[in-house]
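Fold and contact review
Given next are the chains, with one letter for each unit.
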Protein chains: 2
Amino acid sequence: MKLSPWEIEARFRRHAVRLTRQRVAIYAALVNDASHPTADELYRTVKRQHPMMSRNTVYCTLGALRQAGLVQEVNVGHEVARFDGNVTVHHHLICRVCGRIVDVMDEELNRLAISSRQAEGFHVLGYRIEFYGYCADCQQARPDVLEHCG
Amino acid sequence: MKLSPWEIEARFRRHAVRLTRQRVAIYAALVNDASHPTADELYRTVKRQHPMMSRNTVYCTLGALRQAGLVQEVNVGHEVARFDGNVTVHHHLICRVCGRIVDVMDEELNRLAISSRQAEGFHVLGYRIEFYGYCADCQQARPDVLEHCG
DNA sequence: GACTAGACAGGAATGATTCCTACATAGCAT
DNA sequence: ATGCTATGTAGGAATCATTCCTGTCTAGTC
Ligand SMILES: [Mn+2]
Ligand SMILES: [Mn+2]
Ligand SMILES: [Zn+2]
Ligand SMILES: [Zn+2]
């Protein structure tokens with residue numbers, strides 16, 4: 001389900017995002033990749049077609065697209081930032097071993113309510129659920145939580 | 001509800017965590033602070049009573065306590081790591097403006113199920129829910145999402 | 001009281017992200 | 001079409017939370 005350049009341009013205009021070759025390339029790379037890539041992965045992907053592209057452009061573009069609501073950041077724990085071109089409401093399964101992030105589109109999960117008593121004055125805009133566990137490929141492996149200390 | 005030194009020692013022994021003055025001080029500072037402090041905040045707090053304490057000790061201790069299951073890391077977006085001495089199952093409300101993190105202890109939220117069809121081979125161990133919005137103090141303020149680019 | 005695996009302090013190294021700046025260009029007005 | 005200006009881009013320097021390294025130090029054990 002590759003997104004056409006025409007549709008990308010339409011989205012940019014709809015969200016008042018300035019249209020440049022670099023931005024289109026970065027957005028196309030992200031929206032056509034369900035793996036929630038990092039900024040550096042996107043950089044390396046896009047660099048094949050745009051050898052002059054700088055990392056800074058990737059970061060700036062992702063920032064602009066995020067502000068425009070075309071991209072969201074999916075952060076897992078303390079790892080490097082990962083990005084998601086799917087901005088429909090959904091949640092994620094995260095493998096504790098390989099870090100894989102898989103989408104969970106489940107209507108049931110989109111109706112969560114929080115008692116106003118609990119919210120204590122908070123104005124809740126939304127929520128995200130991160131399921132964690134072991135993916136099919138990593139069932140037998142154990143997480144490598146080794147840290148040097150002493 | 002300040003935790004007694006005696007109770008801290010008991011927990012350390014129960015979880016086979018080596019007992020040192022520094023570790024007790026760090027754990028006490030964390031478990032008696034509901035604000036989910038950063039490593040540096042803990043460092044500055046503990047340094048008052050232990051002037052020789054190094055940041056590395058704080059990081060190593062938090063790592064050891066986390067492996068022992070006495071502490072969890074609460075990461076919000078891409079910010080600095082924050083820690084939680086409350087390891088009972090609970091979720092969080094996060095203010096988009098000031099970054100405040102407030103506990104949500106709601107039994108209702110602890111029964112979420114994910115259809116096995118959706119999980120696609122994933123072995124789900126648990127999940128965390130982050131509610132986001134504006135805290136009582138920040139209702140009128142707008143998030144400051146300014147980034148320099150050009 | 002000594003042994004030893006593990007912890008501590010201090011400081012160097014790392015690396016993802018942000019910042020800076022000169023140049024280029026998209027979108028708009030003429 | 002042509003020029004103007006606000007904004008984007010490339011390249012590289014700077015930041016800073018975290019990790020890594022190394023030489024003491026000490027908690028737990030016998
Ligand atoms: Mn996703
Ligand atoms: Mn908490
Ligand atoms: Zn996996
Ligand atoms: Zn707030």
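So, here is what we can say about the structure in this document. Once a new chain begins, its residue numbering starts again from 1 and follows that chain's sequence as written. Naming scheme: in the order in which they are written, chains are lettered from A and ligands are numbered from 1. Confidence filtering applies because this is a predicted model: local features only for residues at pLDDT of at least 70, side-chain atom pairs given and counted only at 80 or more, and all residues used for totals across whole chains, interfaces and linings. To get the side-chain values, all heavy atoms of the structure are used, and hydrogens and water are removed first.

1. Some details on the pairing of strand β4 (residues 101–104) of chain A
Residue and element names in this part refer to chain A.
- Note on pairing: DSSP must find at least two bridges between two strands before they are called paired. Put simply, DSSP H or I for four residues or longer makes a helix, DSSP E for two residues or longer makes a strand, and each gets a number counted from the N terminus. The pairing of strand β3 (residues 91–95) with β4 spans 4 bridges and is antiparallel. Looking at β4, one finds that His92 is bridged to Asp103.
- Hairpin geometry of β3 and β4 is characterised by an intervening segment of 5 residues between the two adjacent antiparallel strands and by a positive phi of about 80° at Gly99.

2. Re the protein's contact with DNA strand D
- Taken together, 21 residues sit near DNA strand D, with Thr20, Arg23, Thr57 and His78 of chain A together with Tyr59 of chain B positioned nearest.
- Taking all atoms of DNA strand D within 4 Å of the protein, the share assigned to sugar and phosphate is 73%.
- As used in this structure description, the phrase polar contact means that two N or O atoms lie within 3.5 Å; if the pair is within protein, one of them must be able to donate a hydrogen and the other to accept it, and residues adjacent in sequence are counted only when both atoms belong to side chains. Between DNA strand D and Gln22 of chain A there is a distance of 3.0 Å, counted from a sugar or linking oxygen to a side-chain nitrogen or oxygen.
- One of the side-chain nitrogen or oxygen atoms of Asn56 of chain B is found 3.0 Å away from a base nitrogen of DNA strand D.
- If you list the elements that add at least two residues to the surface near DNA strand D, you get α2 (21–31) and α4 (55–68) of chain A together with α4 (55–68) of chain B.
- For the surface near DNA strand D, the element with the highest residue contribution is α4 of chain A, accounting for 3 residues. Working definition: residue near molecule or strand if any one of its non-hydrogen atoms lies within 4 Å of it.

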